[in-house]
Amino acid sequence: MMGCDRSRNLVDICGERKFQAFASDALLVPLRSGICDACISIAVIHHFSTEERRLAAINELVRLLRPGGRALIYVWAMEQEYKKQKSKYLKKNKAKPEEAMPDTLQQEFSSNRTESSTVSSYEAADFKKSPSVAQNQCELRVHMNRTSFHSQDLLVPWHLKGSVEKNKSAEEALRESTDHSKAAESAPVFHRFYHVFCEGELENLCRKIENVTIYSNYYDQGNWCVIIEKCKPFCVKNV
């Protein structure tokens, strides 16, 4: 088994746990075609700002699969309450709605959207390749943590610790960076782009790809999930 991620820190965590991993762009994985029996893409595709790039990411998974190989894809769901059941993401919110986002962040974003809407260099590059998003990125909402989504395209705050203590592992530092209660007021706040998927959207995206059939699809704790299978020669694609 081998993993890849855009984040060098996450790759380092894998190394600490003795797993094989390398840094890579999800749109251009440096592995030869047809090498994988199975692929897993968890919480990746919802970070791409256009349908074209989301489609390209799935196509890259398919390229890596051997005929008959399968890929599991998870994306964040717009429907965080499904069939009258709240997801764990919502259940963990014990604060009042107005307390879900720190007041300092609310005020900072309201007073100056340009300064508060810092985006990572990777996501900034994605914006530049997406004219429709680039023209409207000032209108993207900053999501309140542990609350329902009100739009499909949004920014989610990411609190980055200014420094890492020597006795902390990369995993501990990364975990604290997303914990609002531990984030220092002076720590930089990045806003990560998300496109949350509506019911049926992920399956429809997969149906646009050639030589792929949808093996199964389901909802899992606030995520839409599909398993796709790369068709063998003369396989009839599902419609």
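What you see is a predicted model, and the numbers here were worked out from it, not measured in a lab. (Residues numbered from 1 in each chain as written. Predicted model: local features only at pLDDT ≥ 70, side-chain atom pairs only at ≥ 80, totals over all residues. Heavy atoms only, no water.)

Chemist: Could you give an account of the overall build of the protein, with specific residues and numbers?
Modeler: Within the protein one finds nine helices and eleven strands. A burial count over the protein gives 38% of its 239 residues as buried. Considering only residue pairs separated by 6 or more positions, the protein has 70% of its internal contacts joining residues 24 or more positions apart. (Helix = DSSP H or I, 4+ residues; strand = E, 2+ residues; numbered from the N terminus. Buried < 20%, exposed > 50% of the residue type's maximum accessible area, 1.4 Å probe, protein only. Contact = heavy atoms within 4.5 Å.)

Chemist: Go over the environment of aspartate 12, please, and point to the residues and values.
Modeler: Tracing the sequence through the fold places aspartate 12 in helix 1 (residues 8–16). Separated by eleven residues in the primary sequence, aspartate 12 and alanine 23 have C-alpha atoms spaced 9.4 Å apart.

Chemist: Which residues make up the pairing of strand 11 (residues 223–230), and what values do they have?
Modeler: Counting buried positions over the eight residues of strand 11 gives seven, a clear majority of the element. Summarising the sheet, strand 10 (residues 212–220) and strand 11 pair through eight bridges and their orientation is antiparallel. Directly across from aspartate 220, in strand 11, lies its bridge partner asparagine 223. As consecutive antiparallel partners, strand 10 and strand 11 are separated by two residues, and within that stretch glutamine 221 has a phi angle of approximately 45°, a positive value. (Pairing = 2+ DSSP bridges.)

Chemist: Tell me about the nonpolar core, and name the residues and values.
Modeler: Nonpolar side chains in soluble globular proteins generally cluster together in the buried interior. Grouped together as the largest cluster of nonpolar side chains are 28 residues, with contacts concentrated most on Ile58, Ile73, Leu202, Cys206 and Ile228. Elements with a minimum of two residues in this core: strand 3 (36–42), helix 2 (51–64), strand 4 (65–76), helix 9 (201–206), strand 10 and strand 11. Top contributing element to this core by residue count: helix 2, with six residues. Ignoring any residue separated from it by four or fewer positions in sequence, one finds isoleucine 58 in contact with Ile45, Ile73, Leu202, Leu205, Cys206, Ile209 and Ile228. Trp76, Phe149, Val156 and Tyr194 belong to the second largest nonpolar core, which has eight residues in total. (Core = buried A, V, L, I, M, F, W, Y, C linked by side-chain atoms within 4.5 Å.)

Chemist: Tell me about helix 1, and name the residues and values.
Modeler: Two or three places before asparagine 9, at the opening of helix 1, serine 7 has a side-chain oxygen 3.3 Å from that residue's backbone nitrogen. Lysine 18, located one to two residues past helix 1, shows a positive phi value of around 70°. (Polar contact = N/O pair within 3.5 Å; in protein donor to acceptor, adjacent residues only side chain to side chain.)

Chemist: Now, about unusual backbone geometry: what can you tell me, with residues and values included?
Modeler: In the Ramachandran plot, lysine 18 falls in the positive-phi region, its phi being about 70° despite a non-glycine side chain. Position of lysine 18 relative to the elements: it lies in the loop between helix 1 and strand 2 (21–23). For lysine 18, a relative accessible area of 73% puts it in the exposed group. A positive phi is found at lysine 83, a non-glycine position, where the angle reads about 55°. Among the secondary structure elements, lysine 83 is positioned in the loop between strand 5 (81–82) and strand 6 (85–86). When its relative accessible area of 67% is taken as the criterion, lysine 83 is described as exposed.

Chemist: An account of the sheet that holds strand 10 is needed here, citing residue identities and associated values.
Modeler: Pairing is mixed across the open sheet formed by four strands, whose spatial order is 3-4-11-10. What marks the edges here is a single partner per strand, and that holds for strand 3 and strand 10. Neighbour to neighbour, the strand axes of the sheet diverge by 10° on average, direction disregarded. With six bridges connecting them, strand 3 and strand 4 associate as parallel partners. For isoleucine 42, the partnering residue across the bridge sits in strand 4 and is tyrosine 74. (Axes fitted to C-alpha atoms, helices over the stretch in contact; angles between N-to-C directions.)

Chemist: Give me the confidence of the model for the protein: which residues, what numbers.
Modeler: Looking at the protein, pLDDT values average 79 and 68% of them are 70 or higher. Throughout residues 97–122 the model reports pLDDT below 50, and contacts reaching past four residues in sequence, or to other chains, amount to 41 contacts. pLDDT under 50 marks residues 163–167. Its contacts with residues more than four places away, or in other chains, come to two contacts. (pLDDT = per-residue confidence, 0-100.)

Chemist: So what's going on with the packing of aromatic side chains? Which residues, and what values?
Modeler: Per the stated rule, a full pass over the model turns up eight aromatic pairs. Their ring planes at 80° and their centres at 5.1 Å tell us that tryptophan 76 and tyrosine 89 sit as a pair that is edge-to-face. A residue pair is termed long-range when its members are at least 10 positions apart, and tryptophan 76 in strand 4 and tyrosine 89 in helix 3 (residues 88–91) qualify at 13 residues. Residues tryptophan 76 and tyrosine 89 agree in their burial class; the two are buried. Taken together through their ring pairs, the aromatic side chains of Trp76, Tyr89, Phe149 and Tyr194 make up a single cluster. For the cation-ring pair, arginine 192 lies above tryptophan 158, with the distance from its terminal atom to the ring centre recorded as 5.0 Å. (Phe/Tyr/Trp six-rings, centres within 6.5 Å; stacked < 30°, edge-to-face > 60°. Lys NZ or Arg CZ within 6 Å of the ring centre and 35° of its normal.)

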